[in-house]
Amino acid sequence: MTIRAPHRPLRGISAVVALLAIGAVGCSEVSDAVDSAKDGAKKVARQRSVFSLDVGDCYNPNGKAEGTAYAVEIVPCDEAHEGQVVGEFAIDEGKEYPGDDGVSAIADERCPVEAQKYAPDTWALPKGVSLFYYTPTKESWATGDRAVSCTYTSEKGTFKGSLDTAKSLKPEQTTYLEGSNAVYEALWANQPEKDTVEDDLAGYKAQAKAVAAALDAHVKGLEGIEGTEVGKLRATLTKAAGNWKKAASAADADAFYVAYDPAFDGIDPNESVAARKELGLATTVPADEAEVWAG
């Protein structure tokens with residue numbers, strides 16, 4: 001999603017004007033028209049420039065979730081809404097515009113990190129919610145715009161309530177989520193471009209090294225958390241870390257494959273469900289993750 005213009009005030013028909021335009025119609029029709037006008041006036045009053053979005057704002061896009069945006073409708077989070085701003089940052093890339101692809105690449109890298117600060121447990125997100133962002137365009141960049149707003153937005157339907165869960169988490173829950181999120185971030189952020197290990201052994205080994213390091217940190221964090229299921233998961237992840245290290249040091253593609261299969265299975269999200277339940281966290285594996293490990 002992009003921003004292509006500065007703030008432009010939006011104006012709508014007032015309830016009074018709507019009443020004058022109704023004329024001699026039935027009482028029920030007048031009532032319906034008044035209610036419609038009031039709803040329209042409320043929506044207009046809630047319009048805010050995409051340049052002034054703040055973390056925590058719940059909103060409805062004016063149109064489709066993706067595409068050019070000038071303003072959105074800000075609503076109370078306890079009302080049904082399509083999205084919420086869950087992170088923001090400024091691009092520091094000098095004076096030259098990085099290009100549309102460059103800006104998107106920066107947002108792709110930073111927004112997941114910023115979003116996890118606000119809503120650490122991605123398993124607890126409403127169904128159908130995905131990460132989107134508002135970014136500068138070449139035109140707005142020329143005016144000094146460097147802001148990126150990261151949002152969780154429903155691609156279909158709405159949800160209620162704020163996604164701000166970070167403040168309500170217990171220390172052990174935070175420790176678990178930080179470690180777990182880092183593991184999967186290491187896996188996907190270091191995904192090689194080539195489809196086969198034979199075509200990019202070095203790239204796959206680098207990915208394995210990153211995952212192994214993240215697992216080591218995660219396992220260390222779990223050492224300070226009590227619980228039978230957490231202990232079982234720690235043992236599973238310790239074994240997985242060993243396999244990822246073997247993959248990282250593989251001499252050839254065949255050796256990599258031998259280590260990779262058990263390494264990948266070792267971080268299957270389903271393996272963490274029992275520990276999550278013990279910790280009081282969400283226990284439903286997100287559909288996209290379940291699909292990856294089911295294949």
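Now for a quick tour of the structure.

Each value, and the rule that gives it
- Residues numbered from 1 in each chain as written.
- Predicted model: local features only at pLDDT ≥ 70, side-chain atom pairs only at ≥ 80, totals over all residues.
- Heavy atoms only, no water.
- Helix = DSSP H or I, 4+ residues; strand = E, 2+ residues; numbered from the N terminus.
- Buried < 20%, exposed > 50% of the residue type's maximum accessible area, 1.4 Å probe, protein only.
- Contact = heavy atoms within 4.5 Å.
- Areas by Shrake-Rupley, 256 points an atom, 1.4 Å probe, with all protein chains shown as cover.
- Core = buried A, V, L, I, M, F, W, Y, C linked by side-chain atoms within 4.5 Å.
- Polar contact = N/O pair within 3.5 Å; in protein donor to acceptor, adjacent residues only side chain to side chain.
- Disulfide = S-S within 2.5 Å.
- Patch = residues over 30% accessible without salt bridge, like charges linked within 9 Å, V, L, I, M, F, W, Y side chains within 5 Å.
- Salt bridge = Lys/Arg side-chain N within 4 Å of Asp/Glu carboxyl O.
- Lys, Arg positive; Asp, Glu negative; His and termini not counted.
- Charge placed at Lys NZ, Arg CZ, Asp CG, Glu CD.
- Pairing = 2+ DSSP bridges.

## What to know about the overall build of the chain
- The secondary structure content of the chain amounts to 10 helices and eight strands.
- The buried share among the 295 residues of the chain stands at 41%.
- Put simply, of all contacts in the chain between residues at least 6 apart along the chain, 70% involve residues at least 24 apart.
- Accessible area of the chain: about 16,100 Å², with a carbon and sulfur share of 51%.

## Topic: the nonpolar core
- Counting 37 residues, the largest nonpolar core has Tyr176, Leu215, Trp244, Phe256 and Ile267 as the members making the most contacts within it.
- Of all the secondary structure elements, the ones that give two or more residues to this core are α5 (171–189), α6 (201–222), α7 (228–248), α8 (253–266) and α9 (273–279).
- Among residues more than four places away in sequence, those in contact with Trp244 are Leu187, Ala208, Val211, Ala212, Leu215, Tyr260, Ala263, Phe264 and Ile267.
- Val103, Ile106, Tyr133 and Cys150 belong to the second-largest nonpolar core, a separate cluster that totals 11 residues.

## Examining the side chain of Asp121
- Looking at the secondary structure, you find Asp121 in the loop between α3 (100–118) and β7 (129–134).
- Overall, Asp121 belongs to the buried group, its relative accessible area being 7%.
- A polar contact is formed between the side chain of Asp121 and the side chain of Arg276, at a distance of 3.0 Å.

## Some details on the state of the cysteines
- Counted under the stated rule, the structure contains two disulfides.
- A disulfide bridge connects Cys58 with Cys77, and the sulfur atoms are separated by 2.0 Å. Where Cys58 bonds to Cys77 through sulfur, the torsion about that S-S bond is close to 95°, and the disulfide is right-handed. Here Cys58 is found in strand β3 (residues 58–61), whereas its partner Cys77 is found in the loop between β5 (71–75) and β6 (83–90), with 19 residues between them in sequence.
- For Cys58, a relative accessible area of 1% translates into the label buried.
- Listing the disulfide partners of the chain by sequence rank of the bonded cysteines yields 1-2, 3-4.

## Let's talk about a negative patch on the surface
- Residues Asp195, Glu198, Asp199, Asp252 and Asp254 make up a contiguous surface patch of negative charge.
- Of note, Asp195 is situated in the loop between α5 and α6.

## Observations regarding the pairing of strand β8 (residues 147–154)
- The buried fraction of β8 amounts to seven of the eight residues, a majority that puts the element mostly inside the structure.
- Pairing geometry for β6 and β8, over seven bridges, is antiparallel. In the sheet register, Glu88 faces β8, and the bridge partner there is Ser149.
- With six bridges joining them, β7 and β8 adopt antiparallel strand pairing. In the strand pairing of β8, Tyr133 is matched with Cys150.

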